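Chain by chain, the residues run as shown.
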Amino acid sequence: MIRFVLTRLLRAVMTIFAVVTFAFVVLRMSGDPAQVMLGPDVPQDAVDAFRKAWGLDQPLWVQYLAYIKSIFSGDFGVSMRDKVSALQLVLERIPATLQLTLPALLLKLLIGIPAGVYAALHRQSFADRGVILLAIFGFTIPSFVMGLLLVLIFSVILGVLPSGGQDTWMHSILPTITMSIGGIGILARFSRSAMIEVMGQPYIRTASAKGLKWSDVVWGHALPNAAVPIVTIVGFMVGSLIAGAVVVESIFSWPGIGRLLVVSVTNRDLAVVQCILLMIAATMVISNLVVDLLYGWLDPRLRAQTAH
Amino acid sequence: MTSADMAQKQSAQPQSARSGVLGLISYLRRHVPFSVGLGIFWLAAMVLVACFADSLRPYGITAMDLTNRLASPGNAAHWLGTDELGRDVLSRLIQSIRVSLVIAFGATILSAVFGTALGFAAAKFRGAVEHLVLVLADFQAALPFLIMSLAVLAFFGSSMLLLVCLMGFYGWERYARIARGLAISASAQGYAAAVVQLGATPTRVYLRHILPNVASTLIVSMTLTFPEIILMESGLSFLGLGVQPPETSLGNMVGFGREYLTRAPWTMLAPALVIMLTTLSISLVGDWLRDTLDPTVR
Amino acid sequence: MTSALLEANNLVRIYQIRRGLFGKPTPVRAVNGVSIKLMPGETLGIVGESGSGKSTLGRMLLGIDPAQSGEVKFEGKPMAPPGTAEWRALRARMQFVYQDPLAALDRRLTIATQIGEPLNIHKLIPKEHRAARVEELMSAVGLRRDQAGRFPHELSGGQRQRAVIARALASRPRLLVCDEPVSALDVSIQAQVVNMLRDLQEQNRIAMIFISHDLKVVRNIADRVAVMYLGQIVEEASSDVIFHSPRHPYTEALVSSVPVPGKILEGRRILQGEPPNPAKRPSGCAFHPRCPLASDICRTSAPDLRSIGNGRTAACHLVPGETAPVAA
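Residues numbered from 1 in each chain as written. Chains lettered and ligands numbered in written order. Predicted model: local features only at pLDDT ≥ 70, side-chain atom pairs only at ≥ 80, totals over all residues. Heavy atoms only, no water.

Draft legend 1. Seen up close, the overall build of chain C. When helices and strands are tallied, chain C shows 12 helices and 12 strands. Taken along its principal axes, the extent of the C-alpha atoms in chain C is 70 × 50 × 50 Å. In chain C, which comprises 328 residues, the share counted as buried stands at 49%. Residue pairs in contact within chain C that sit at least 24 positions apart in sequence constitute 63% of those at least 6 positions apart. Averaged over its 42 positive side-chain charges, chain C has a centre that lies 4 Å from the centre of its 31 negative ones. (Helix = DSSP H or I, 4+ residues; strand = E, 2+ residues; numbered from the N terminus. Buried < 20%, exposed > 50% of the residue type's maximum accessible area, 1.4 Å probe, protein only. Contact = heavy atoms within 4.5 Å. Lys, Arg positive; Asp, Glu negative; His and termini not counted. Charge placed at Lys NZ, Arg CZ, Asp CG, Glu CD.)

Below is the structure:
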């Protein structure tokens, strides 16, 4: 077990390292931040001074090593625009994003999984067809279309909910719904097919044939076995708690991480972009790691396979 | 047997060409569910629109009719109305369909070829190559694609070629995983091992035997990737980082239409509807294809 | 005396198996020092329980699995390492028949295409003659002409195995290794396929290694039989001799368990103890925990395979060697 955890951990660290390197290389290779920050008509000595101040005059690999070193000491650099610590800037925005994504995640779990399981247990019924149809709609409508449609209906036509901003709890209703609908569809669909797959297995027939109560068959035998694919999707959703809000935040002018990322990317604020990328990757990698470990617990068969 | 085989048999019967076509249509009517039929019809229409965009467009996409700005749909000159600069929404929509479909199609092919090649390489060479591919796949999975594209496009500037190439990385890790898994299981036992034992070269084993056998699974994955790439491209264009004006795409139209949501919702609704119908159709047709072609994947 | 077609000396194959999540890898000796000699046109049966290493041995003899020690010589030359061009070219001269014909055939190609594939790969005969050769092969294995365009799943199990055999024979190999070729087939069809194999083998003077757990089948086809237990050959003799007078206690037990029609099964030896587990190899003679005759020496020292006269060999302390006077 220890060995398994260690190899997974090593792979996770390598992945984060790859993301850091990718971010560094792409961002540094792509253009001169001095030009963007200062504008095109600045005198050369001002540009030189700017580059010296931010260490941009050093060779790329020196910058890279310095960057890695400072990350290890918890220093993610200083925002070139706001002149404050990038980490602080990012951390300030996280609560706002979580205020949307956590309730959205809850909605996805509480509606998506039961709907999928119910549909699987009542195949070919009216409810099953309804769930399938809604699920397909849920994930074929892009979130920006969904968001704008909701704004059109509830803000423009009905005028009952605000279309943007973060002032009251009313403001978070539309973004939360926008964010959860696609996930509900995906989860419902996956839970349904996972359950149908499991219900067809011989051990379920055995369990019901030996006279077990139907609810015990479902709760005791079917659900635990259907859990593996569902956990994968949920893990992915947890992993994208921070990243999942980019489009929605920009529709509803919500001051979260996603907005910060779009703004910083447009302004070429290197330190902030790197910090956000690292944070997003870390969330994703950690939740993937947890999912992998959960697999071992949920499905003993996978243990031996993933061990090497 | 696949429907293509059966369709072939159907048309191979001694019939005139005309009744062969009619036979095919009646065959489809009997064997294809209604919703899937609609999906096929819509997709065929989209492909035709994309092919003949130039002759279908009533106006140029940048032609401005300044006396007729934000005209509502339904008037004789502009069926779908005009936008804030008086440009014809229908013409822009037709061009957008072409641009979005071309990007999605090119990117889907790129990603399938790239991913499958890496997956086969991982299966063939194992060892270091396999580890490298898996680390790359992990990396791709760790960084949400939208975020990665955002960074790359913003810092390199958006161009059509870069956009297609970037989208071409979308979902490659899925093909790589599938291709690797199937190739390994095929060569561990069964027909691939048998062909190796006949003395076939690796190229022959992979191209002539393994590829045709995994093709149906890969095609099914492509039907999953295709709508996702449309959504990804329109999302990026919506954020102003994808297709750049004066060129237009579906997402880009929604993005600009958003500004006039209260005064001219049609500039946003028309492209939004096309996106929804297209992705919906591909999902329906893809699901159906999956069930007919490859009952082993769900 | 003609020289041997295939010669294997002291072959060893060890697999590393990890038990559980944190277990250290345990070496498993699947094949443990096996030597074999096969003359052109001769059929050697290899018999053993599952886990005796007989399939691994078959794959090593063809050079598919490399040997960790020991060597395989084909026509006097050492086997090329797998994956090399030389190894690939050699495939035209040695072929394999699989246990599961459905798995061994590509489900997307017609059987005629697949039967002709070795001709295609090795460019053996001009293109225009290939179709005729495929037809000839199909009729040789008893497939009808109209089945040429069929796909594997459209054929019965016996027909599929016939197609696999036709494919194996396409390049006119000199050696055929058959790994349980009929155990996946219905009993009623087994005999047909075995008889057909024997006829083809005799007509074309192909040497054959016939691997099976089924003594009846092996008796039908093999000139000589080698019995394997836990990766080693414990007894080898000509087919008739070994069935009439088995010497090794394990062979005796195997032979006594074969039912003979019209006779009540008497004097049957039922083996005690656990079936062999290659990961937990007993000390001394590997068979001693199940051997009814085991004595102290069997528990401590492993017997060598030695000649016991009449061209037979056996690995047992209790069977006297050739030099010792033959008792009983």
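Draft legend 2. Molecular detail of the interface of chain A and chain B. On the chain B side, the residues contacting the 42 residues of chain A number 39 residues. Across the chain A to chain B interface the summed buried area is about 3,800 Å²; carbon plus sulfur atoms make up 80%. In this structure, the connection of chain A to chain B is made through 0 salt bridges. Put simply, chain A and chain B have 2 residue pairs in polar contact (both at pLDDT 80 or more) between them. Looking at which element gives the most residues to the side of chain A that touches chain B, the answer is helix 1 (residues 2-29) of chain A, with 8 residues. A class-by-class count of the residues in the side of chain A that touches chain B yields 33 nonpolar, 5 polar and 4 charged. (Buried area = accessible area lost by both parts, 1.4 Å probe. Salt bridge = Lys/Arg side-chain N within 4 Å of Asp/Glu carboxyl O. Polar contact = N/O pair within 3.5 Å; in protein donor to acceptor, adjacent residues only side chain to side chain. Nonpolar A, V, L, I, M, F, W, Y, C, P; charged D, E, K, R; others polar.)

Draft legend 3. The pattern of salt bridges, seen in detail. Per the counting criterion, the structure on display carries 20 salt bridges over all chains. Residues C:E117 and B:R208 are paired through a salt bridge, measuring 3.7 Å at the closest nitrogen-oxygen approach. Highlighted residues: C:E117 in helix 5 (residues 117-122) and B:R208 in helix 11 (residues 202-238), drawn from two different chains. For C:E117, a relative accessible area of 1% translates into the label buried. Measuring nitrogen to oxygen at the nearest pair gives 3.6 Å for the salt bridge that ties C:D296 to C:R299. Here C:R299 and C:D296 lie together in helix 12 (residues 296-300), a separation of 3 residues that amounts to about one turn.

Draft legend 4. Highlighting the sheet that holds strand 12 (residues 312-314) of chain C. Residue and element names in this part refer to chain C. What the 8 strands build is an open sheet, ordered 6-7-8-3-9-10-12-11; its pairing is mixed. This sheet does not close on itself; its edge strands, each paired only once, are strand 6 (94-97) and strand 11 (306-309). Direction aside, neighbouring strands of the sheet carry axes that sit 20 degrees apart on average. Two elements, strand 6 and strand 7 (residues 175-179), share 4 bridges in a ladder whose sense is parallel. When the sheet's bridge partners are listed, V97 is paired in strand 7 with C178. Each of strand 3 (43-47), strand 6, strand 7, strand 8 (207-212) and strand 9 (224-229) touches helix 1 (residues 54-61); the most contacted strand, strand 8, lies at about 155 degrees to it. Along the sheet, helix 7 (residues 157-169) contacts strand 6 and strand 7; its crossing angle with strand 6, the most-contacted strand, is approximately 170 degrees. (Pairing = 2+ DSSP bridges. Axes fitted to C-alpha atoms, helices over the stretch in contact; angles between N-to-C directions.)

Draft legend 5. Geometry of helix 12 (residues 250-257) of chain B. Counting buried positions along helix 12 of chain B gives 7 out of 8 residues, so the element sits mostly inside the fold. Taken together, the buried positions of helix 12 of chain B are B:L250, B:G251, B:N252, B:M253, B:V254, B:G255 and B:G257.

Draft legend 6. Summary view of the environment of B:D287. In this fold, B:D287 is placed in helix 13 (residues 266-293). Separated by 251 residues in sequence, B:D287 and B:V36 place their C-alpha atoms 9.0 Å apart. Those residues in contact with B:D287 that sit more than four places away from it in its chain are A:I136 and A:R189.

Draft legend 7. Representation of the pairing of strand 11 of chain C. Residue and element names in this part refer to chain C. Two strands pair when backbone bridges link them, and strand 11 and strand 12 are joined in this way by 3 bridges, in the antiparallel orientation. Looking at strand 12, one finds that G309 is bridged to R312. A loop of 2 residues connects strand 11 with strand 12, the two strands running antiparallel in sequence, and N310 in this loop sits at a positive phi of about 55 degrees.

Draft legend 8. Up close: the packing of aromatic side chains. Per the counting criterion, the structure on display carries 11 aromatic pairs over all chains. Members of the aromatic cluster, connected to one another through ring pairs, are B:F114, B:F169 and B:W172. Of note, C:R91 hangs over the ring of C:W87, and the distance from its end group to the ring centre comes to 3.9 Å. (Phe/Tyr/Trp six-rings, centres within 6.5 Å; stacked < 30°, edge-to-face > 60°. Lys NZ or Arg CZ within 6 Å of the ring centre and 35° of its normal.)

Draft legend 9. Spotlight on helix 1 of chain C. Residues and elements named next belong to chain C. Most of helix 1 is tucked away, with 6 of its 8 residues classed as buried. By the burial criterion, the buried members of helix 1 are K54, T56, L57, G58, M60 and L61. Phi for G63, located one or two positions after helix 1, is positive at around 80 degrees.

Draft legend 10. Local environment of the confidence of the model for chain A. The predicted model of chain A averages 79 in pLDDT, with 90% of residues at 70 or higher. Under a pLDDT of 50 for its full length, residues 304-308 of chain A has, in the predicted model, 4 contacts with residues more than four places off or in other chains. (pLDDT = per-residue confidence, 0-100.)

Draft legend 11. How the structure looks around the confidence of the model for chain C. Residues and elements named next belong to chain C. Summarising the model, chain C shows a mean pLDDT of 84, and 92% of its residues fall at 70 or more. Low pLDDT, under 50, characterises residues 324-328; the stretch is placed with 1 contact to residues that sit more than four places away or in other chains. On the interface metric, ipTM, the complex scores 0.79, and its pTM is 0.74.

Draft legend 12. Broad picture of a nonpolar patch on the surface. A surface patch of nonpolar side chains, about 440 Å² in accessible area, is lined by A:I153, A:V156, A:I157, A:L158 and A:V160. By the element assignment, A:V156 lies in helix 7 (residues 143-157). (Patch = residues over 30% accessible without salt bridge, like charges linked within 9 Å, V, L, I, M, F, W, Y side chains within 5 Å. Areas by Shrake-Rupley, 256 points an atom, 1.4 Å probe, with all protein chains shown as cover.)

Draft legend 13. Looking closely at the side chain of C:Q95. Checked against the element boundaries, C:Q95 lands in strand 6. Exposure remark for C:Q95: the relative accessible area of 2% places this residue in the buried category. Excluding its chain neighbours within four sequence positions, the residues that come into contact with C:Q95 are B:Q197, B:L198, C:L62, C:A168, C:S171, C:P173, C:L175, C:L176 and C:V177.

Draft legend 14. Fine view of empty space enclosed by the protein. Inspection of every chain in the model, using the stated rule, returns 4 cavities of 30 Å³ or more. Space inside the largest cavity adds up to approximately 60 Å³. In this structure, the largest cavity is lined by C:H248, C:P249, C:C285, C:F287, C:H288, C:C291, C:C298, C:C316 and C:H317. Considering the residues around the second largest cavity, the lining is formed by B:M46, B:I97, B:S100, B:L101, B:I230, B:L250, B:V274 and B:T278. When contributions to the lining of the second largest cavity are tallied by element, the ones reaching two or more residues are helix 5 (89-125) and helix 13 of chain B. Take the lining of the second largest cavity: its biggest share by element is 3 residues, from helix 5 of chain B. Of the residues contributing to the lining of the second largest cavity, the split by class is 6 nonpolar, 2 polar and no charged. (1 Å grid on protein atoms, 1.4 Å probe; cavity = no way out; pocket = protein on both sides within 12 Å on 5 of 7 lines; lining within 4 Å. Points joined across faces, edges and corners; volume = space filled by probe spheres on them.)

Draft legend 15. Main features of unusual backbone geometry. For A:S253, which is not glycine, the phi torsion reads 45 degrees and is therefore positive. Positive phi is not limited to glycine here, since C:R172 has a value of about 50 degrees. Using a relative accessible area of 55% as the deciding quantity, one classes C:R172 as exposed.

Draft legend 16. Quick peek at the environment of A:D269. Mapped onto the elements, A:D269 comes out in the loop between helix 12 (257-267) and helix 13 (270-298). Sequence separation between A:D269 and A:P142 is 127 residues; the distance between their C-alpha atoms is 28 Å.

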